[in-house]
Each structure stands twice: as C-alpha cells, then as structure tokens.
Amino acid sequence: MIGINHMLISGTAGSLLLGTASPTIIAIAAAAGLLPDIDISTSPAGRVLPWVSAYLEKRMPHRSCTHSFVATGVVAAVSYGVAFFISNRWMQIAHAVTIGYFFGWFADAFTRGGVEMFWPNSVRCVCPGNRNLRLRTGSNAEYGILVVLLALALAVFNINNSGGLLTQFNRFLASPSGVQQVYNKDGSTHLIQAQIKGVRSSDRVPVNGKYTIIQAHGTGFIVQSETGELYKASTEPDTQILIKEITADVGANAITNIESLTLEEEELGEKLAPFNRTGTQAFVSGEISIDDADNITIIRNPHQFPFISKTQNTIKLEVAPINYVIQKIGEQFATGQLSIRSITKNG
C-alpha cells in the first residue's frame with residue numbers, strides 16, 4: 001500500500017478514536033502509520049532510519065515482524081512508558097502513536113501479500129479470501145481507495161472539529177440528556193453554548209435562542225442569555241424555560257473553579273471582592289444570616305431564575321451574579337457558608 005494511504009488511514013483512525021481535530025495529534029498518528037514499513041529500505045521510514053531498515057531487511061521478510069501485534073505491543077510499551085515518565089499530557093501522543101502504528105500495518109492485510117499478524121508465527125493473514133479482490137500496491141484500485149480515504153478523512157476531521165461524534169449525535173437527538181453528557185465532558189474547561197427551543201413557563205411565550213450553560217440543575221441547566229439574564233431550562237415544574245429541543249456546542253476555552261467562603265459576622269462585600277475579578281464571571285450560592293434584613297427589598301422577575309430569596313434574617317443565594325450580591329447586600333455583616341463558581345475565559 002502506498003505511503004499516502006497509510007498516512008490517511010492512520011491519521012483518520014487517530015482522529016476518530018481520540019475524538020480530536022488537533023493537527024499535531026493527527027500528524028503524529030499519520031506519521032506513525034509509516035513506521036511498520038521500516039523493514040524495507042525503500043520506504044519513507046526506511047529512508048529516514050536506514051541503519052534500522054538495513055538490519056531488519058537482512059533478517060526477515062517484508063511485512064513480518066513489524067506488521068504484527070508483537071510490534072504494536074512494543075511500540076505501545078515504549079510510547080506509554082515515555083509518556084508516563086515525562087508528563088500525563090504526553091498520553092494523547094502515546095495514544096496517537098499506538099493507534100497510528102496499528103492501523104499502518106493492519107491496512108496491509110488487505111494487500112495481496114498480507115501480513116504476519118501473529119509473528120513469530122509465519123502464517124500470512126490476508127483479507128478478503130479471494131485473491132483477485134485484494135489490493136495491489138500502486139494499482140488503479142488503490143488510487144480509487146485514496147479518493148475514498150480523502151473524503152472519509154475530511155468528514156471525520158469536520159465532525160471532530162465540530163465537537164466530535166458525541167456532540168453530533170446529541171445534536172441530532174436534541175435532548176437534555178445529550179447536552180448533559182457534553183457538559184460533563186467539557187464543561188470544566190470550555191464554555192458550553194446551548195441552542196434552546198421551548199416556551200416560557202410563566203406565559204408560554206416561544207423561546208428560541210442561544211444561552212451559556214452556567215451549571216447543571218436537576219435534570220436541566222441554569223443558563224445565561226446573551227444579555228445576562230439567568231433562567232432554569234428544563235422539563236421540570238420549577239423551570240422558567242420549558243425545553244422542547246436543546247443542543248450544545250463546545251465553545252471557547254474557559255476554566256471553571258468552585259471555591260468556598262466562610263463568614264463569621266464579616267462584611268459580605270469585602271469578603272467577596274477578591275472573587276470579583278476582571279475577565280471572570282462569578283456566581284454565589286449558599287445561605288447566610290444578616291442582622292439588618294428588614295431594609296433589603298428583593299424584587300423578583302417572574303420570567304427569570306430566582307437566584308436570591310429572603311426569609312426573616314436569612315438570605316439564600318443560588319447561582320447569584322456576584323456583582324448583584326455585592327451591590328444589593330454587600331454592606332451587610334453576614335454569617336454562613338458560601339460557594340463561588342468562577343468561569344474564566346482563556347485568551
């Protein structure tokens with residue numbers, strides 16, 4: 001099989017199995033697909049590493065040892081061993097090398113010569129059984145397959161560049177459970193943008209727009225509109241947006257942190273100020289007691305999520321924007337426990 005086909009098969013397999021559109025990872029998988037042919041000096045890998053190729057070429061037939069599960073195991077052991085000792089961030093590279101190497105030689109099982117898949121057993125494994133249907137390197141049939149592989153590679157890269165198979169499948173289903181999977185997978189490192197179709201629960205006004213998911217809530221989500229309003233979007237009774245359809249896309253890089261804050265008769269605004277950082281959206285949840293609750297008036301918008309409520313001297317907050325909390329009750333001395341969810345965009 002010609003080198004470009006090896007690279008396309010391995011690169012596409014790496015992209016599909018790892019769910020990535022990273023050019024670096026795809027290129028590593030594609031390059032690894034050329035390594036099994038290091039047992040012949042005329043191959044790209046043989047020309048790059050001629051001393052290795054010369055050694056192997058003199059001692060074993062083409063598509064034997066290097067085209068086997070044994071060789072794949074050795075490559076995997078070396079790749080993961082290096083990644084383990086250097087950094088866990090290298091694990092993705094180890095995955096790419098192993099996947100690329102395996103598919104690089106496995107593709108040759110469909111050629112007329114086959115491969116010694118179970119080396120050191122010298123039996124050649126070939127597919128299909130009819131010799132006339134097997135590929136011959138450099139034939140018109142293989143160039144036809146090249147066109148098919150190019151189309152497949154472009155389709156896979158496009159799918160992964162749009163969030164991967166899971167995102168595409170969930171977009172097709174348009175269900176909260178699918179969006180929950182996307183949010184669980186990428187919500188801590190990216191903004192998750194939801195496209196919601198439904199109605200307002202208060203007056204049945206149609207809703208069709210884009211929202212940022214702030215956090216999961218029951219079977220639904222607390223979402224923020226493009227103009228900053230908060231809503232609960234769900235199929236539950238206490239929701240503000242009743243969902244008919246919902247899909248999600250992975251947006252910009254953004255780190256979500258949750259920090260705790262304990263108050264003992266301390267000024268609330270002063271304690272919250274360090275969390276109110278430029279470039280960060282912060283939301284406050286928890287329950288506090290204050291001394292002067294009588295002068296606090298809370299006006300609730302019935303169409304939006306009730307992120308603040310008051311009972312005598314107790315204030316309950318749930319995903320309340322930090323600027324609102326500081327402005328409304330920041331001068332109060334409070335006792336209680338709060339958690340602050342901070343979402344910071346990268347770049």
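If you're wondering where the values come from, they're calculated on a predicted model, not measured in any experiment. (Residues numbered from 1 in each chain as written. Predicted model: local features only at pLDDT ≥ 70, side-chain atom pairs only at ≥ 80, totals over all residues. Heavy atoms only, no water.)

### Points about the pairing of strand β5 (residues 241-267)
Stated precisely, the cut-off is as follows: Note: two strands are recorded as paired if DSSP finds a minimum of 2 bridges between them. Numbering of helices and strands runs from the N terminus; a helix is a DSSP stretch of H or I covering at least four residues, while a strand is a stretch of E covering at least two.
One ladder, built from 10 bridges, connects strand β1 (residues 190-200) with β5; its direction is antiparallel. Bridging across to β5, Lys197 finds its partner in Glu245. Sheet topology places strand β4 (residues 230-234) next to β5; 2 bridges connect them, and they run parallel. Looking at the pairing, Ser234 lines up with Leu242 of β5. One ladder, built from 12 bridges, connects β5 with strand β9 (residues 333-345); its direction is antiparallel. Note that in β9 the partner of Glu266 across the bridge is Ala334.

### Notes on helix α6 (residues 91-106)
To be explicit about the condition: To estimate how far a helix should extend, the number of its residues minus one is multiplied by 1.5 Å. Classification of residues uses two cut-offs on accessible area relative to the type maximum, computed with a 1.4 Å probe and protein chains only: under 20% is buried, over 50% is exposed, and between them is partly exposed.
Look at α6: 22 Å from first C-alpha to last across 16 residues, which is about the 22 Å you get at 1.5 Å a residue. The complete set of buried residues in α6 reads Ala94, Ala96, Val97, Thr98, Ile99, Gly100, Tyr101, Gly104 and Trp105.

### Some thoughts on the nonpolar core
Stated formally: In plain words, nonpolar cores are sets of buried Ala, Val, Leu, Ile, Met, Phe, Trp, Tyr and Cys residues tied together by side-chain atoms within 4.5 Å. Contact between two residues is taken to exist if any of their heavy atoms lie within 4.5 Å; hydrogens are not considered.
Core analysis: the largest hydrophobic core is formed by 31 residues, its most contacted members being Leu268, Leu272, Val284, Ile288, Leu317, Val325 and Leu338. Secondary-structure elements contributing two or more residues to this core are β5, α10 (268-272), β6 (280-290), β8 (314-321), α11 (322-329) and β9. Dropping the residues within four chain positions of it, Ile288 is found in contact with Leu263, Leu268, Asn313, Thr314, Ile315, Ile329, Ala334, Thr335, Gly336 and Leu338. Ranked by size, the runner-up nonpolar core spans 17 residues in total, among them Tyr211, Ile213, Val223 and Tyr231.

### Structural notes on a nonpolar patch on the surface
In plain terms, the rule: Patches draw on residues past 30% relative accessible area with no salt bridge. Two like charges within 9 Å are joined, as are two nonpolar side chains (Val, Leu, Ile, Met, Phe, Trp, Tyr) within 5 Å. The protein chains shown are the only cover counted for residues, whose accessible areas, like all others here, come from Shrake-Rupley with a 1.4 Å probe. The term salt bridge refers to a pairing of a side-chain nitrogen on Lys or Arg with a carboxyl oxygen on Asp or Glu at a separation within 4 Å.
Together, Val70, Val74, Val78, Val82, Ile86 and Trp90 give the surface a local cluster of nonpolar side chains, amounting to about 520 Å² of exposed area. Relative to the helices and strands, Val78 resides in helix α5 (residues 69-86).

### Focus: the packing of aromatic side chains
Our working definition: Aromatic pairs are defined between Phe, Tyr and Trp rings, using the six-membered ring for Trp, whenever the two ring centres lie within 6.5 Å; interplanar angles under 30 degrees are classed as stacked, those over 60 as edge-to-face, and all others as tilted.
Tallied over the full model, the rule gives 12 aromatic pairs. Geometrically, the ring pair formed by Trp105 and Phe106 is edge-to-face, given 6.1 Å between the ring centres and 70 degrees between the ring planes. Trp105 sits in the buried class, given a relative accessible area of 0%. Feature note: the residues Phe69, Phe102, Phe103, Trp105, Phe106, Phe110 and Phe118 constitute an aromatic cluster, connected by ring pairs.

### Observations concerning the UniProt feature "transmembrane region" (unreviewed entry) in the chain
Defined as follows: UniProt positions are given in the numbering used here, feature names are shortened, and annotations may be inferred rather than shown by experiment.
The residues that UniProt annotates with the feature "transmembrane region" (unreviewed entry) are residues 68-86, 93-111 and 143-161. As annotated, residues 93-111 comprises 74% helix and 0% strand, and the C-alpha atoms at either end are separated by 28 Å.

### What about empty space enclosed by the protein?
To keep things clear, this is the line we draw: Here a cavity denotes a set of grid points, spaced 1 Å apart and computed over the protein atoms alone, in which a 1.4 Å probe fits but from which it cannot get out, and a pocket denotes an open set meeting protein on both sides within 12 Å along at least five of seven lines; residues with an atom within 4 Å of a point are reported as lining. Grid points are joined across faces, edges and corners, and a volume is the space filled by probe spheres set on the points. In this classification, the charged set is Asp, Glu, Lys and Arg, the nonpolar set is Ala, Val, Leu, Ile, Met, Phe, Trp, Tyr, Cys and Pro, and all remaining amino acids, among them Gly, are polar.
For the structure shown, the criterion picks out 1 cavity of 30 Å³ or more. In this structure, the largest cavity encloses a volume near 50 Å³. Elements supplying a minimum of two residues to the lining of the largest cavity: β1, β2 (206-217) and β9. Grouping the amino acids of the lining of the largest cavity by side-chain chemistry returns 6 nonpolar, 3 polar and 1 charged.

### Quick look at the packing of α5 against α6
Put simply, the test is: Here, axes are lines fitted to C-alpha atoms. For helices the fit covers the stretch in contact, and angles between N-to-C directions go from 0 to 180 degrees. Note on angle classes: values under 35 degrees are labelled roughly parallel, values over 145 roughly antiparallel, values of 65 to 115 roughly perpendicular, and the remainder oblique.
Look at α5 against α6: their axes get within 8 Å of each other, and the N-to-C directions meet at 170 degrees. It follows from the interaxial angle that α5 and α6 lie roughly antiparallel. Across from Phe69, Ala71, Thr72, Val75, Ala76, Ser79, Tyr80, Ala83 and Phe84 in α5, the residues of α6 making contact are Met91, Ala94, His95, Val97, Thr98, Tyr101, Phe102 and Trp105. By residue class, the composition of the contact of α5 with α6 is 13 nonpolar, 4 polar and no charged.

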